[in-house]
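Breakdown of the fold
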Amino acid sequence: MKKKRFSVEQIVAVLKQAELGVPVAEVIRKVGISEQTFYRWKKQYVGMETDQARQMKQLQEENSRLKQLVADLSLDKTMLQDVLRKKF
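Keep in mind that what you see is a predicted model, and the values were worked out from it rather than measured.

**Re helix α1 (residues 8-19)**
With 12 residues, α1 extends 16 Å between its outermost C-alpha atoms, agreeing within 8% with the 16 Å of an ideal straight helix rising 1.5 Å per residue. On its buried face, α1 is in contact with α2 (24-31), α3 (35-45) and α4 (50-87). Just downstream of α1, G21 is the residue with a positive phi angle, here 110°.

**Digging into the domain arrangement of the protein chain**
How big an interface is tends to be stated in terms of accessible area lost as the parts join. Splitting the protein chain by domain gives domain 1 (1-48) and domain 2 (50-87). Each of domain 1 and domain 2 was reduced to a C-alpha centroid, and the two centroids are 32 Å apart. The interface is formed by 7 residues belonging to domain 1 together with 7 residues belonging to domain 2. By the criterion of area lost to domain 2, the three top residues of domain 1 are V8, E9 and M48, representing 66% of everything that side buries. At the junction of domain 1 and domain 2, the tally comes to 1 salt bridge. We note a salt bridge from R54 to E9, for which the minimum N-O separation is 2.7 Å. Connecting domain 1 to domain 2 are 1 residue pair in polar contact (both at pLDDT 80 or more). Counting only elements with at least two residues in the side of domain 1 that touches domain 2, the list comes to α1 and α3. In terms of residue count, α1 provides more of the side of domain 1 that touches domain 2 than any other element does, 3 residues in total. Its residues placed into classes, the side of domain 1 that touches domain 2 shows 4 nonpolar, 2 polar and 1 charged.

**Comments concerning the packing of aromatic side chains**
For the structure shown, the criterion picks out 2 aromatic pairs. Aromatic side chains F6 and W41 sit 5.2 Å apart centroid to centroid with 75° between the ring planes, which places their arrangement in the edge-to-face category. Of this pair, F6 sits in the segment before α1 while W41 sits in helix α3, and the two are 35 residues apart along the sequence. Exposure remark for W41: the relative accessible area of 8% places this residue in the buried category. Geometrically, the ring pair formed by F38 and Y39 is edge-to-face, given 5.2 Å between the ring centres and 85° between the ring planes.

How each quantity is defined
Residues numbered from 1 in each chain as written. Predicted model: local features only at pLDDT ≥ 70, side-chain atom pairs only at ≥ 80, totals over all residues. Heavy atoms only, no water. Helix = DSSP H or I, 4+ residues; strand = E, 2+ residues; numbered from the N terminus. Expected span 1.5 Å × (residues − 1). Contact = heavy atoms within 4.5 Å. Domains from an automatic or database assignment. Buried area = accessible area lost by both parts, 1.4 Å probe. Salt bridge = Lys/Arg side-chain N within 4 Å of Asp/Glu carboxyl O. Polar contact = N/O pair within 3.5 Å; in protein donor to acceptor, adjacent residues only side chain to side chain. Nonpolar A, V, L, I, M, F, W, Y, C, P; charged D, E, K, R; others polar. Phe/Tyr/Trp six-rings, centres within 6.5 Å; stacked < 30°, edge-to-face > 60°. Buried < 20%, exposed > 50% of the residue type's maximum accessible area, 1.4 Å probe, protein only.

See the structure below:
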């Protein structure tokens, strides 16, 4: 089975349908997701508007990039300190 990717806008739209009273079973059948996926989305995006969810996603991506940058710089610093110790 091919894994589907949903945009933040699509996820928020699915959650809005459920909030408006459409039964969860019908919503997940229409979208083609499992009940577990629906409740995971609900846990993460409940009460958010599309722009808020998009902004949160961008902040998470930026945070992961910054963490990677810090890890790389820490490794570089450690390597340079090792080189300096061996030279003297």
